[in-house]
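Residue strings, one per chain:
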Amino acid sequence: MRPHLVDYAIIAIYFIFVLGIGFALRGRMKTSEDFFLSGRSIPGWITGLAFMSANLGALEVIGQAANAAKYGMYVNHFYWLAAIPAMCFVGVFMMPFYYGSKVRSVPEFLRKRYDEKTRTLNALSFAVMTLLVSGVDLYAMAILFQRLLHWRFDASVVASAVVVAIYIYLGGLTSSIYNEVLQFFLIVFGFLPLAILGLKAVGGFAGLNATLATLPTPGYAHTWANIWHASENPLGVDWFGTIFGLGFVLSFGYWCTDFLVIQRGLAAKDMAAAERTPLIAAIPKMFFPLLVVLPGLVAISLDPTTKLLLDGRYDNALPALLGRFYPSGLLGIGLTALLASFMSGMAGNVTAFNTVWTFDIYQTHINPGKDDRHYVTMGRAATLFAVIVGICTAFIVLRFNNLMDYLQLLFAFFNAPLFGTFLLGMFWKRASAHSGFWGLLCGIVAAATHYLFYHYNYIHYPSAMTANFYQAIYAFATCFVVTVAVSWFTKPRKEEELVGLVYSLTPRPKTAHLPWYQRPGMLALGILGLCVVLNIIFW
Amino acid sequence: MGLDIRWPIGIIFSIYGVVLLIYGAVADPSMFVEKSLGVNIDLWWGLAMLVFGVFMGAKAFRASRRTGS
């Protein structure tokens, strides 16, 4: 791949705009509410696109194209089985509690619903996990650009980290959200030609299906047809692991409780906009397989042995196609889209970290009762700290290449049990104050135990992915059972304290006066219907 | 909120659109034969991006007129 002057100019223009947005927002960050929650003033379509883009980091864009090249259309389950139903659920059933209770973070909701120790456990684990993940985005970006363009690893890590630090330091969450929206459009315009040219090269959908059918591994061209037995699909997961592990625990755990995405909903200007945030996000998310899965399939059908184009690595699927099909000019747009997704992936982690650190750890345990300005300053300091730690983790990941696997694992450790805590907390008023902490702790311990048993070969799975899915199932089930059991033996909380936090005790927001397409329930039904149609077309 | 996000999006996509349009028009056509299956994708995609950029800019302009007056 040989970019020309015009491509570098396009990348430079992007950096100027990113920094420009930060400077333009600088004067508007007066209170901590402005800095950490965008003053709760952002329209639904912007928070919606940011909700989706915050998740579109390195692992998503490069990783899902690689997965598609490796496992075929099975990867569609990550979208149509996992993400879309979970996003509809969080919009209709959970956002009213997050937004309506006026909390500033996910851990703060846990304090209101359960108690202080539940919140602290969640805040600490989330802070550590977020710091580690933010470095992974940097690492993935730098290693990619080193391979493609021979940019120096350390230079691209430091340069992009500094840009991220500057724009968050200046504009807080608003900066991050605006850049995520910009990134969304860049990704659409940067990768859509790849799908179009790729399809043209392999002879359209008919040609693609015909080529995929000739591959030695079966099931490349189907989403569902090969799901029933682990031995029949390329991923080696049985239907229970897929539907319950991925489709329920992992996806609901991520989309419903991860503060990285929930924070975008909290920035919305009113309750209706907050509820619509995940639903608006679900619409483009539903069509994302076109931008990432399809190029992966095109790559493998152009190069079934992975020797020529892919150079033996599935990770190369998307970048190799960029180099193969994009002339100078468009290549600049494609590279900018990649850069943008890496940087806003990192930025999402940094803004989530600085909020949880400042509100849930610093203000609660270290230095309470200061004036508001003090906490804005602390948020800015935490931003710089997170970026520096991010740079350091990028270099650690470089030394220990398999750290990527461990980070994926951390996700299954912390998010899966947390979903049990939230589900019971929001829908079962009997769940007592103590039960949250013990359920969460036991869930994490269960995940760790399962991991050790698997790691030392006491239990066996057909693939590492299956192990991840089952680990999530066990962690969730343990958290669920322990929370219920502890609740039976401890005193329930008074019902009047739980108004606005538990479903059965909270009046529903009135939606009858809205046109049908603005009612969250109707919107969610429409999205789910469309999603079923996509599943059937690509069965 | 202050800054309307549609301004920066409109402006950057208009700039990108114009850059790609011009580059596609003056570039050596053999580049497109070699890479993008003979399609002058820079020209066409530049046009698409310019249309989108102008659309976003127009939206922002109308919104600023409404709140300004």
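Residues numbered from 1 in each chain as written. Chains lettered and ligands numbered in written order. Predicted model: local features only at pLDDT ≥ 70, side-chain atom pairs only at ≥ 80, totals over all residues. Heavy atoms only, no water.

A. Just the overall build of chain B, in detail. Summing up its helical and strand segments, chain B has three helices and zero strands in all. For 69 residues, the compact-globule formula gives about 11 Å, and the C-alpha radius of gyration of chain B, at 16 Å, lies well above that figure. The C-alpha extent of chain B, read off along each of the three principal axes, is 50 × 15 × 15 Å. Classification of the 69 residues of chain B by burial places 43% in the buried group. Long-range contacts, defined here as pairs at least 24 residues apart, represent 66% of the contacts in chain B between residues at least 6 apart. Approximately 3,700 Å² of chain B is accessible, and the part contributed by carbon and sulfur atoms is 70%. With 6 positive and 4 negative side-chain charges, chain B shows a separation of 24 Å between the mean positions of the two kinds. (Helix = DSSP H or I, 4+ residues; strand = E, 2+ residues; numbered from the N terminus. Rg over C-alpha atoms; globule rule 2.2 N^0.38 Å. Buried < 20%, exposed > 50% of the residue type's maximum accessible area, 1.4 Å probe, protein only. Contact = heavy atoms within 4.5 Å. Areas by Shrake-Rupley, 256 points an atom, 1.4 Å probe, with all protein chains shown as cover. Lys, Arg positive; Asp, Glu negative; His and termini not counted. Charge placed at Lys NZ, Arg CZ, Asp CG, Glu CD.)

B. Quick look at the packing of aromatic side chains. Residue and element names in this part refer to chain A. Scanning all chains against the criterion turns up 33 aromatic pairs over all chains. When the centroid spacing of 6.2 Å and the interplanar angle of 70 degrees are considered together, the rings of F126 and F259 count as edge-to-face. Of this pair, F126 sits in helix α7 (residues 116-149) while F259 sits in helix α11 (residues 259-266), and the two are 133 residues apart along the sequence. What makes F259 buried here is its relative accessible area of 1%. The ring of Y114 has R113 sitting right over it, with the charged end atom 5.1 Å from the ring centre. Over the ring of Y169 we find R380, and its NZ or CZ is 5.2 Å from the ring centre. (Phe/Tyr/Trp six-rings, centres within 6.5 Å; stacked < 30°, edge-to-face > 60°. Lys NZ or Arg CZ within 6 Å of the ring centre and 35° of its normal.)

C. Structural view of the interface of chain B and chain A. Across the boundary between the two partners, chain B contributes 29 residues, which contact 37 residues of chain A. Summing the contributions of chain B and of chain A, the shared interface buries around 2,900 Å²; its carbon and sulfur component is 83%. Counting the contacts that link chain B with chain A gives zero salt bridges. Where the side of chain B that touches chain A is concerned, the elements lending two or more residues are α1 (6-26), α2 (30-34) and α3 (41-68) of chain B. Among the elements that line the side of chain B that touches chain A, the one with the most residues is α1(B), at 11 residues. (Buried area = accessible area lost by both parts, 1.4 Å probe. Salt bridge = Lys/Arg side-chain N within 4 Å of Asp/Glu carboxyl O.)

D. Highlighting the nonpolar core. Within the largest apolar cluster, 192 residues are counted, with the highest numbers of intra-cluster contacts made by Y98(A), L338(A) and F13(B). Looking at this core, the element that brings in the most residues is helix α8 (residues 153-202) of chain A, giving 24 residues. Ignoring sequence-local partners within four residues, the contact set of L338(A) consists of V61(A), I62(A), L144(A), F145(A), F191(A), L318(A) and L322(A). Y74(A), A82(A), V237(A) and M465(A) belong to the second largest nonpolar core, which has six residues in total. (Core = buried A, V, L, I, M, F, W, Y, C linked by side-chain atoms within 4.5 Å.)

E. Examining the packing of helix α1 (residues 5-25) of chain A against helix α15 (residues 330-366) of chain A more closely. Residues and elements named next belong to chain A. Where α1 meets α15, the axes come as close as 8 Å, and the angle between the chain directions of the two elements is 35 degrees. Considering only the axes of α1 and α15, their crossing is right-handed. Judged by residue contacts, D7, I10, I11, Y14 and F15 of α1 engage L331, G332, I333, L335, T336, L339, A340 and M343 from α15. For the contact of α1 with α15, the residue count by class is 10 nonpolar, two polar and one charged. (Axes fitted to C-alpha atoms, helices over the stretch in contact; angles between N-to-C directions. Left-handed = near helix turned anticlockwise from the far one by under 90°. Nonpolar A, V, L, I, M, F, W, Y, C, P; charged D, E, K, R; others polar.)

F. Fine view of helix α5 (residues 77-100) of chain A. Residues and elements named next belong to chain A. Along α5, the sharpest change in direction is near 55 degrees and occurs at M94; proline P96 comes one to four residues later. Burial of α5 is extensive: 19 of the 24 residues sit out of reach of the surface. K102 occupies a position one or two residues after α5 and carries a positive phi of about 60 degrees. (Bend = angle between axes of the 7 residues up to and from the residue.)

G. Quick peek at a nonpolar patch on the surface. All names here are of chain A. A cluster of nonpolar side chains, namely I283, F287, L530, V533 and I537, defines an oily patch on the protein surface of about 440 Å² accessible area. With three residues, helix α20 (residues 520-537) is the largest single contributor of residues to the nonpolar patch. In this fold, F287 is placed in the loop between α12 (271-286) and α13 (289-302). (Patch = residues over 30% accessible without salt bridge, like charges linked within 9 Å, V, L, I, M, F, W, Y side chains within 5 Å.)

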